[in-house]
Amino acid sequence: MVWYSGLPPRRACCWGCEQKGGQPQWRHFRREPMTAAPANPTYGELTSQGNSTNIAWHQAAVTRDERAQQRGHRSAILWFTGLSGAGKSTLANAVNAALFERGLACYVLDGDNIRHGLCKDLGFSDADREENIRRIGEVAKLFVDAGVVALTAFVSPFKADRDKVRALVPSGDFIEIHCAADLGVCEQRDTKGLYAKARAGEIKEFTGISSPYEAPESPELKVDTGSQSLEESVAQVLSHLQAEGIIPQAS
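Residues numbered from 1 in each chain as written. Predicted model: local features only at pLDDT ≥ 70, side-chain atom pairs only at ≥ 80, totals over all residues. Heavy atoms only, no water.

Undergrad: So what exactly am I meant to see when it comes to empty space enclosed by the protein here?
TA: Any empty space left between the atoms is revealed when a probe the size of a water molecule rolls over them. Considering all chains together, one arrives at one cavity of 30 Å³ or more under this definition. If you add up the space inside the largest cavity, you get close to 40 Å³. If you trace the largest cavity, you find it lined by Ser 84, Gly 85, Cys 186, Asp 190, Thr 191, Lys 192, Gly 193, Leu 194 and Tyr 195. Classifying every residue of the lining of the largest cavity gives three nonpolar, four polar and two charged. (1 Å grid on protein atoms, 1.4 Å probe; cavity = no way out; pocket = protein on both sides within 12 Å on 5 of 7 lines; lining within 4 Å. Points joined across faces, edges and corners; volume = space filled by probe spheres on them. Nonpolar A, V, L, I, M, F, W, Y, C, P; charged D, E, K, R; others polar.)

So this is what it looks like as structure tokens:
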């Protein structure tokens, strides 16, 4: 059987144990005693997905529920959507910092950052926006399976695209958070100077100016990022996560 300790076989858990010839102290790595995992992986039936043929799903030895039990919180997708300048990235990062301070597993997937790598081949046409959200949805789904609270900050202007991501995960795992600053506020902020360029015709297909934004009709959470403080907005999100049982009450 294979033991998952986070270290190579037969090695002590730390430098001190190594020097003293001690045995690995599993509690250094997990809150719960380690359990043996099957030596042979379980594969599903061969299938095809898109252009990928003869593939089979590999069932992992460690489940999402086991990760949740170990970490003391559920995983979920927190999907921050809104116009450019609405405060999506600012709020997502502030919530992420608050979760991290509590010792929770969390990570921000930011729209601009993703376009530096994974989606740098995409533009801003409707088709490219759809593909951009499809990719990040699949990445966020992997984070959920890994037991991590994934905070995504994307304009994601089309309802159909957001709904497709919602359908990737079980009910209750997709938390749509509408950063509801209106166009006037966002354009006044113009943190990256993009609205000025869009008004001047230098940027085509800019959401809110020359491309539509379909605001969520029934989001799990609507945050007035146009008027309330960042601290108030963070508290609103954390309160919702606690009420839904995704994270524990603050100690």
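Undergrad: Help me understand the pattern of salt bridges in this model?
TA: Side-chain pairs of opposite charge can arise where the charged atoms are in close proximity. Counted by the stated rule, this structure contains 12 salt bridges. The partner of Arg 135 in a salt bridge is Glu 131, with the nearest N and O atoms 2.8 Å apart. Here Arg 135 pairs with Glu 131, and both are found in helix 5 (residues 126-145), just four residues apart, close to one helical turn. Among the charged side chains, a salt-bridge network with shared partners connects Asp 121, Glu 131, Arg 134 and Arg 135. (Salt bridge = Lys/Arg side-chain N within 4 Å of Asp/Glu carboxyl O. Helix = DSSP H or I, 4+ residues; strand = E, 2+ residues; numbered from the N terminus.)

Undergrad: Help me understand the nonpolar core in this model?
TA: Inside soluble globular proteins, nonpolar side chains tend to come together where they are buried. One finds Leu 78, Phe 80, Val 95, Leu 99 and Leu 151 to be the most contacted residues of the largest nonpolar core, which totals 33 residues. Those elements giving two or more residues to this core turn out to be strand 5 (76-81), helix 3 (88-101), strand 6 (106-110), strand 7 (149-153), strand 8 (174-179), helix 8 (194-199), strand 9 (221-223) and helix 9 (230-243). The leading source of residues in this core is helix 3, at five residues. (Core = buried A, V, L, I, M, F, W, Y, C linked by side-chain atoms within 4.5 Å. Buried < 20%, exposed > 50% of the residue type's maximum accessible area, 1.4 Å probe, protein only.)

Undergrad: Quick question: what am I supposed to make of the sheet that holds strand 6 here?
TA: The strands that make up a sheet pair up through hydrogen bonds in the backbone, lying either parallel or antiparallel. Ordered in space as 6-7-5-8-9, the five strands form an open sheet in which the pairing is parallel. Looking at which strands have only one partner, the edges of the open sheet turn out to be strand 6 and strand 9. Neighbouring strand axes in the sheet, compared pairwise and without regard to direction, differ in orientation by 20 degrees on average. Pairing of strand 6 with strand 7, which is carried by five bridges, proceeds in the parallel orientation. Residue pairing across strands places Tyr 107 opposite Ala 150, the latter belonging to strand 7. Sitting on the sheet, helix 9 is in contact with strand 5, strand 8 and strand 9, with an inclination near 170 degrees to strand 9. (Pairing = 2+ DSSP bridges. Axes fitted to C-alpha atoms, helices over the stretch in contact; angles between N-to-C directions. Contact = heavy atoms within 4.5 Å.)

Undergrad: Looking at this structure, I do not really get the environment of Ala 105. What am I missing?
TA: Along the polypeptide, Ala 105 turns up in the loop between helix 3 and strand 6. Exposure remark for Ala 105: the relative accessible area of 19% places this residue in the buried category. The sequence separation of Ala 105 and Val 148 amounts to 43 residues, and the corresponding C-alpha distance is 5.1 Å. Every residue in contact with Ala 105, bar those within four places of it in the chain, is listed here: Arg 71, His 73, Gly 147, Val 148 and Val 149.

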